[in-house]
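Report on the structure
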There are 4 protein chains.
Amino acid sequence: MNIAIVGATGYGGVELLRLLNQHYKVENITLYSSSQEGTAMHELYPHLASFPTYQLEAVTPEKMGEAHDVIFLSTPPGVSAELTVKLLNKRAKVIDLSGDLRLENQSVYETWYKRTAAPDALRQQAVYGLTEWNALSIQSANVVANPGCYPTASLLGLLPLANEGILDGASVIIDAKTGTTGAGRSPSAVTHFSETNENLKAYGVNTHKHLPEMEEHLHKLGGADQKLTFTPHLAPMARGIMATMYVQPSQELNRKDIDELYQAAYQNEPFVHVHQDGRVPSTKETYASNMCMIGTALDERTGRLTVVSVIDNLVKGAAGQAIQNMNVMFGFSQNTGIQQAPVFP
Amino acid sequence: MNIAIVGATGYGGVELLRLLNQHYKVENITLYSSSQEGTAMHELYPHLASFPTYQLEAVTPEKMGEAHDVIFLSTPPGVSAELTVKLLNKRAKVIDLSGDLRLENQSVYETWYKRTAAPDALRQQAVYGLTEWNALSIQSANVVANPGCYPTASLLGLLPLANEGILDGASVIIDAKTGTTGAGRSPSAVTHFSETNENLKAYGVNTHKHLPEMEEHLHKLGGADQKLTFTPHLAPMARGIMATMYVQPSQELNRKDIDELYQAAYQNEPFVHVHQDGRVPSTKETYASNMCMIGTALDERTGRLTVVSVIDNLVKGAAGQAIQNMNVMFGFSQNTGIQQAPVFP
Amino acid sequence: MNIAIVGATGYGGVELLRLLNQHYKVENITLYSSSQEGTAMHELYPHLASFPTYQLEAVTPEKMGEAHDVIFLSTPPGVSAELTVKLLNKRAKVIDLSGDLRLENQSVYETWYKRTAAPDALRQQAVYGLTEWNALSIQSANVVANPGCYPTASLLGLLPLANEGILDGASVIIDAKTGTTGAGRSPSAVTHFSETNENLKAYGVNTHKHLPEMEEHLHKLGGADQKLTFTPHLAPMARGIMATMYVQPSQELNRKDIDELYQAAYQNEPFVHVHQDGRVPSTKETYASNMCMIGTALDERTGRLTVVSVIDNLVKGAAGQAIQNMNVMFGFSQNTGIQQAPVFP
Amino acid sequence: MNIAIVGATGYGGVELLRLLNQHYKVENITLYSSSQEGTAMHELYPHLASFPTYQLEAVTPEKMGEAHDVIFLSTPPGVSAELTVKLLNKRAKVIDLSGDLRLENQSVYETWYKRTAAPDALRQQAVYGLTEWNALSIQSANVVANPGCYPTASLLGLLPLANEGILDGASVIIDAKTGTTGAGRSPSAVTHFSETNENLKAYGVNTHKHLPEMEEHLHKLGGADQKLTFTPHLAPMARGIMATMYVQPSQELNRKDIDELYQAAYQNEPFVHVHQDGRVPSTKETYASNMCMIGTALDERTGRLTVVSVIDNLVKGAAGQAIQNMNVMFGFSQNTGIQQAPVFP
């Protein structure tokens, strides 16, 4: 496999590089950057100083499309839409880690992203890359829209319920917490250590771009028609996402049914584990790994179900799932190159 | 004022000491400990080495009751119930920071605390010390049950709604996050740095002892009859509590009404500030101070209201509010000794 | 006292505000900013939302010099030199928290700061504000150069030795560690949470601007002529400085002499505490307080003495010491307004 | 390869498990524990829940010695000495991660460890496993004493100098900083999150057990006869060690010579990288990897050389180096199974 990473200087790019270096099918990796071409990657990331030198190359869509088997786009909003158009019908398959191609409806995209949407045809061609729930479509896709970090954690927790009709008429609230790497590498007031350590912040209450993504794919992959309430929080840690989700179902549930439906959903999936007996996971159980861990608690007093789902936002929430999708697209075993155990502690 | 702190070696005790040393009405502070009598406080807490030496004294209820104007009990479950009985009808007023006296109903207490309740008469005599909502009763109280940290943050956020009837028939969910000091000074796996840093944990889902406390006082102080869903989380920070609360009201709300009702509730309160314009607070805005900061966001798509309330768990959630209650009980201005600005950053 | 803080929007400024609000001699505080005039302070710092509103005012040296008793300059390099010239011979005394006036020798300043020095007369007039060692000069000063954070911790640890001649012919190495607030409020790669948490960095090895400041005042206040080796490190915490100092004396020392000389130096100082028995302090023992804590360990195998000195960089290392100097300049008790115990934990 | 890990429930054990699972020569891993036999590993470490179940087995030296090719001992002080005696002259080679076998001299051991030393014959047979400097002996060893975390970082930084005679007559000071995982999994006051976060502590000044280990092997592997000064510090992070070392050489050095001697020492070593141009490394450059990164700064004013050396204490400082030694002992390429890039950020 001959691989390209575009936008390699961001956290998504450097995480792709870390993981792809462990993938035995990968022969060649080329890094592209529109702002840092000519620079050696280890000048930006000294932790790579002892690894083979990667020189950042200029982005040349025509050439890239023929030179590579897969192109990962880890680019800012708007860029991947533009690039992907030029990459279609070439040798390379495209896996887009940005949000450009995740929403089908143009006006929904433009309302939430506050920018012009990618062309309709492109957005409609892109297959949503939530691997566990869309593998069949991913298998034959040329363009994959890799899910956002919050949607990955949330949808993996909710879809087993949606598919059993439990979310019909239910109320669903998502209280999510992320580490700071989700905000990228550019320094900003929000991720300034002095004000982030010993601090917990809520932000983007009901206005975060991942909200319509969750609604759309909860509908498409789970048949649920939900208006979600969604509060993201920034926790004083670098990695990890936890989605704590509150479901008030219209019908009564019991513990055993819930355990069984989650088991049924994920027992053959290498990257989703469901804790039993009401145990709920903590984010560090997935650190630096592609795992999603889920636990549920049923409250008999209120009939409400609490679902806790955790991932590493840079792995299962970005680079790891992108590679998982590559594996599916090329017929490799899903866990090739990304089966490493979490780093603990 | 002649003050006693019982259980002075815990975090609640040491925080009382820090704050009372700033209180100009306080002439004398005596520290008591049943396990460390004879030890000098600064041997346990070297940061006090340059301050006047406090020798920990043995707990002698008879004598203490006459020697002090106020006795703060910062003791483990069960201890303060036993002590308070012996302190009644003496000179000293009692402010209990433990959970022993916060619940009126014996069986509720015993179900959630899994231990024998304090005598009925004692629990009924104790006045719940949520200062902003119960000052009149606190004024004449001899025994105050100082609220828990989660209930303080949550009730201050919900009571303005409850008192307007907005919680009637509503569904209320509390997703709360705490720093580690809430777990006290005894080392344990749950607060072991190696596994707590870069980690976020949910725990005690719907089983935390503060849940019935919130339900009882939401009813008593706000007239709301609610079965709450409550998920506490442990965040990788030492201080701070955030309660993110989700209210699905039975009637329609509008932004202006909400702003007005919170303003009306708190405009004269020195220790509660309500952010306007949908801005929500972060925990560090209250660090080491007695402030509670509240913000709300109304989601027009779902009709749900999100309320974010933050405090420092050791100050407004424990020692600070206890002193605020002392001020009320003795007719001092509420903010005497506890008006310091938050430490930021 | 009528006070001005210039450059009030930085961490030094906001810390001055926090502490001066506790100072009973202070009647009035005016905040000045050259970049944010007209803005209310709490818009930049929401933790101040419940405190009296401070509007940032434009910097007008002529007027300010007459309007205030003290002007604290918490301004970027170069600014205070320029401002102070205009403030001389007015009503106001000036306390400069920047590095502009700390070095007497012009060429030393220009070599290390890589910018033009303040006028000679001004630099020579400025009194170095290491309170414990220079109180007599500070008492009659009109302009005080408030020490840097690293020099404060280091000099307080070394001067008792210097004054006994123990540093004569000795080798002295300073390995210092700071929290991130020392780097100020502007976001940068170096203080980006994602790369700062779980990380420890050395920086500016032997090139930090505080090095010549330490050498100059070790000489002036302690008579020692030393070429220091100095490595600052950035630790993953917001506040705190530890200087671990290694002294290889030319003569033999003994434990008792060392204890006695430190005791003699600091027994009457309210803000320096010396641990006995070889115990060394940790930074949190001084958190949010004006204390400096010192401990020493004598290694009989090598004859070397290790001195550990800790402070809160924003308090004793900046705003707190500035107020301590104000107290000396105006004849107040040194600890007025800054006697608060550390926040622990 | 058939592998045993004894003491598998500690951090060293679980890190061995993580890394060995990536090693393609490893067919079988058995975990032993004397305190938790019968327990499934994922009950203690839920992050392993989705990986193959490892049942902890009782320690049976006779059987183990024949059943395995390598036995890693990740056991408390005293245990491995006792166990290793029973494992000699069996099929298995032993790699001991404890400190029992690292010191040759009995009285030195007993002075610093304050316990009875292992039998002389055993300690003398054990080969010190600092791979880069002792590979030839390790190749034929049956028992390897895996180095401590501080000695690994320090010796890798100092040995290139020692071997060129630069430490002869020099003064050497080691100021080292570690993350909390070095203190193991048992909760204690020292690693209690509430008091460890936002804190930096010095401890064990000149009394740490790793001090004689550094002196002994600086002598054996580098010919230097040094009495070291050594201050370990605990930094608020889970992983990482930085040794900042100060060398005052008796002769004059120049920048070019230093660069060349470090390059010469490590250019063929896969796990040591030397930064050029005075750049010094930060701990996160090695996070979760087996790398050691070194940088040096020469101070022309004083003639002193500052050497900064960083590792991940659980990998190159424990489990990773142990596997590197296994690779050498069995003739595999040194980086088999441990070539992963650091996790960053």
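Residues numbered from 1 in each chain as written. Chains lettered and ligands numbered in written order. Predicted model: local features only at pLDDT ≥ 70, side-chain atom pairs only at ≥ 80, totals over all residues. Heavy atoms only, no water.

A few points about the environment of Tyr 150 of chain C
Residues and elements named next belong to chain C. What counts, and what does not: What counts as a helix is a DSSP run of H or I of at least four residues, what counts as a strand is a run of E of at least two, and both are numbered from the N terminus. Any residue under 20% of the maximum accessible area for its type is buried, any over 50% is exposed, and the rest in between are partly exposed; the area is computed with a 1.4 Å probe on protein chains only.
Looking at where Tyr 150 falls in the secondary structure, it is placed in helix α8 (residues 149-162). For Tyr 150, a relative accessible area of 2% puts it in the buried group. Residues Tyr 150 and Pro 232, 82 residues apart in the sequence, show an inter-C-alpha distance of 8.5 Å.

Structural notes on the relation of the copies chain D and chain C
Comparison of the two chain copies shows a relationship of rotation about an axis with a shift along it. Stated formally: We place the copies in one frame by least squares, fitting the C-alpha atoms of every residue whose pLDDT is at least 70 in both. We call two residues in contact whenever any of their non-hydrogen atoms come within 4.5 Å of each other.
Its rotation angle being 180°, the transformation that places chain D on chain C also includes 0.0 Å of axial translation and leaves an RMSD of 0.0 Å. Here the symmetry operator amounts to a two-fold rotation axis. Across chain D, the smallest distance between a C-alpha and the rotation axis is recorded for Pro 236 of chain D, namely 3.2 Å. Most of the interface of chain D is mirrored in chain C, where 100% of its interface residues are also at the interface.

Some details on the interface of chain A and chain B
To keep it simple, the criterion reads: A 1.4 Å probe defines the accessible area here, and the buried area is the portion of it lost by two parts on being joined, summed over both. By definition, a salt bridge exists where a carboxyl oxygen of Asp or Glu is found within 4 Å of a side-chain nitrogen of Lys or Arg. We define a polar contact as two N or O atoms separated by no more than 3.5 Å, with the added condition that, inside protein, one atom must be a possible hydrogen donor and the other a possible acceptor, whereas residues neighbouring each other in sequence contribute only through side-chain atom pairs. Side-chain classes are defined by residue name, with Ala, Val, Leu, Ile, Met, Phe, Trp, Tyr, Cys and Pro counting as nonpolar, Asp, Glu, Lys and Arg as charged, and the others, Gly among them, as polar.
Chain A puts 46 residues into the contact, and the matching count from chain B is 46 residues. Roughly 3900 Å² is buried in total at the junction of chain A and chain B, and carbon and sulfur atoms are behind 55% of that figure. Summed over the three residues of chain A that lose the most area to chain B, namely Glu 198, Leu 200 and Arg 301 of chain A, the buried surface amounts to 19% of that side. Inspection of the region where chain A meets chain B yields 4 salt bridges. We note a salt bridge from Arg 301 of chain A to Glu 215 of chain B, for which the minimum N-O separation is 2.5 Å. Applying the counting rule to chain A against chain B returns 38 residue pairs in polar contact (both at pLDDT 80 or more). Taken together, the elements giving at least two residues each to the side of chain A that touches chain B come down to β7 (171-178), α9 (193-196), β8 (201-202), α10 (210-222), β9 (229-234), β10 (241-248) and β13 (305-311) of chain A. Per-element accounting of the side of chain A that touches chain B gives the leading share, 6 residues, to β7 of chain A. By residue class, the composition of the side of chain A that touches chain B is 21 nonpolar, 13 polar and 12 charged.

What to know about the environment of Val 172 of chain D
Structurally, Val 172 of chain D can be placed in strand β7 (residues 171-178). Linking Val 172 of chain D and Pro 249 of chain D, residues 77 residues apart in sequence, is a C-alpha distance of 8.6 Å. The residues contacting Val 172 of chain D, other than those within four sequence positions of it, are Arg 304 of chain C together with Leu 158, Leu 167, Gln 226, Lys 227, Leu 228, Thr 229, Tyr 246 and Val 247 of chain D.

Digging into the sheet that holds strand β11 (residues 272-274) of chain A
Residue and element names in this part refer to chain A. Threshold: Strand pairing is assigned whenever DSSP identifies at least 2 bridges connecting the two strands. To define axes, lines are fitted to C-alpha atoms, for helices over the stretch in contact only, and angles between the resulting N-to-C directions are given on a 0 to 180 degree scale.
Here we have 7 strands laid out as an open sheet, ordered β8-β9-β7-β10-β13-β12-β11, and mixed in their pairing. Bordering the open sheet on either side are β8 and β11, each of which pairs with just one other strand. Taken together, the 8 bridges between β7 and β10 define a ladder with antiparallel strand orientation. From the neighbouring strand, Ile 173 faces β10, where its bridge partner is Tyr 246. Its contacts with the sheet put helix α8 (residues 149-162) on β7, β9, β10, β11, β12 (292-298) and β13, and the angle it makes with β10 is roughly 35°.

A short note on helix α4 (residues 79-87) of chain B
Residue and element names in this part refer to chain B. Of the residues making up α4, those classed as buried are Ser 80, Ala 81, Leu 83, Thr 84 and Leu 87. In this structure, the buried side of α4 is in contact with β1 (2-6), α3 (61-67), β3 (70-73), β4 (93-96), α6 (120-125) and β6 (143-145). Phi turns positive, to about 60°, at Asn 89, one or two residues after α4.

Side note on unusual backbone geometry
A negative phi holds for most residues other than glycine; trans holds for most peptide bonds. All names here are of chain A. In the segment running from Phe 344 into Pro 345, the intervening peptide bond is cis, with an omega of 0°. Mapped onto the fold, Pro 345 is located in the segment after α12 (315-329). The residue Glu 198 is not glycine, and still its phi comes out positive at about 55°. Tracing the sequence through the fold places Glu 198 in the loop between α9 and β8. By relative accessible area, Glu 198 is classed as buried at 1%.

Here we look at the domain arrangement of chain A
One widely used convention gives an interface's size as the accessible area the parts lose upon coming together. Residues and elements named next belong to chain A. Using the following cut-off: Where each domain starts and ends follows an automatic or database-derived domain assignment.
Each assigned domain of chain A is listed with its residue range as follows: domain 1 (2-125) and domain 2 (150-312). Of note, the centres of domain 1 and domain 2, computed from C-alpha atoms alone, are 27 Å apart. Between domain 1 and domain 2, the residue contacts involve 13 residues of the former and 16 residues of the latter. Between domain 1 and domain 2 lies a buried interface of about 1300 Å² when both sides are counted; carbon and sulfur atoms form 53% of it. Between domain 1 and domain 2 we count 3 salt bridges in total. Between Arg 102 and Glu 213 there is a salt bridge, with its nearest N and O atoms 3.1 Å apart. At the junction of domain 1 with domain 2, the criterion picks out 7 residue pairs in polar contact (both at pLDDT 80 or more). The set of elements that each furnish at least two residues to the side of domain 1 that touches domain 2 consists of α1 (11-20) and α5 (106-113). A per-class count over the side of domain 1 that touches domain 2 returns 7 nonpolar, 2 polar and 4 charged.

Regarding helix α5 (residues 106-113) of chain C
All names here are of chain C. Our working rule: Arc definition: directions from the helix axis to the C-beta atoms.
Every buried residue of α5 is listed here: Tyr 109, Trp 112 and Tyr 113. Around the axis of α5, the buried residues are gathered within 85° of arc, so they sit on the same side. Two or three places before Ser 107, at the start of α5, stands the capping residue Asn 105, its side-chain oxygen 2.9 Å from that residue's backbone nitrogen. Residue Lys 114 follows α5 closely and has a positive phi angle near 55°.

Focus: the UniProt feature "domain: Semialdehyde dehydrogenase NAD-binding" (unreviewed entry) in chain A
Operational definition: UniProt positions are given in the numbering used here, feature names are shortened, and annotations may be inferred rather than shown by experiment.
Those places that UniProt annotates as "domain: Semialdehyde dehydrogenase NAD-binding" (unreviewed entry) correspond, in this numbering, to residues 2-141 of chain A. Across residues 2-141 of chain A, helical content stands at 38% and strand content at 14%; the span's end C-alpha atoms are separated by 18 Å.

Focus on the relation of the copies chain A and chain B
When chain A is fitted to chain B, the best match, at an RMSD of 0.0 Å, comes from turning it 180° and sliding it 0.0 Å along the axis. Mapped onto chain B, 100% of the interface residues of chain A again fall at the interface, so both copies present the same surface.

Things to note about the sheet that holds strand β2 (residues 28-32) of chain D
Residues and elements named next belong to chain D. The strand order across the open sheet formed by 6 strands is β2-β1-β3-β4-β6-β5, and the pairing between neighbours is parallel. A strand with exactly one partner marks an edge of an open sheet, and here the two such strands are β2 and β5 (127-128). In this sheet, strand β6 (residues 143-145) lies alongside β5 in parallel orientation, the contact comprising 2 bridges. By the bridge assignment for β6, Val 127 is matched with Val 144. Running over the sheet, helix α12 (residues 315-329) touches β1 (2-6), β3 (70-73), β4 (93-96) and β6 and is turned about 155° from β4.

Overview of the side chain of Asn 199 of chain B
Looking at where Asn 199 of chain B falls in the secondary structure, it is placed in the loop between α9 (193-196) and β8 (201-202). You can call Asn 199 of chain B buried: its relative accessible area is 3%. The residues contacting Asn 199 of chain B, other than those within four sequence positions of it, are Met 237, Ser 282, Thr 283 and Lys 284 of chain A together with Leu 234, Ala 235 and Pro 236 of chain B.

Some details on the packing of helix α7 (residues 131-139) of chain B against helix α12 (residues 315-329) of chain B
Residues and elements named next belong to chain B. So the rule is basically this: Just so you know how the angles are binned, under 35 degrees is roughly parallel, over 145 roughly antiparallel, 65 to 115 roughly perpendicular, and the rest oblique. Crossings are assigned a handedness: left-handed for a near helix turned anticlockwise from the far helix by less than a right angle, right-handed for a clockwise turn.
In contact at an axis separation of 9 Å, α7 and α12 are set at 40° when each is read in the N-to-C sense. The angle between the axes of α7 and α12 places the two elements in the oblique class. Crossing of α7 over α12 shows right-handed handedness. Residues Thr 131, Glu 132, Ala 135, Ile 138 and Gln 139 of α7 form the contact with α12, whose own contacting residues are Lys 316, Gln 321, Gln 324, Asn 325, Val 328 and Met 329. Class assignment of the residues belonging to the contact of α7 with α12 gives a composition of 4 nonpolar, 5 polar and 2 charged.

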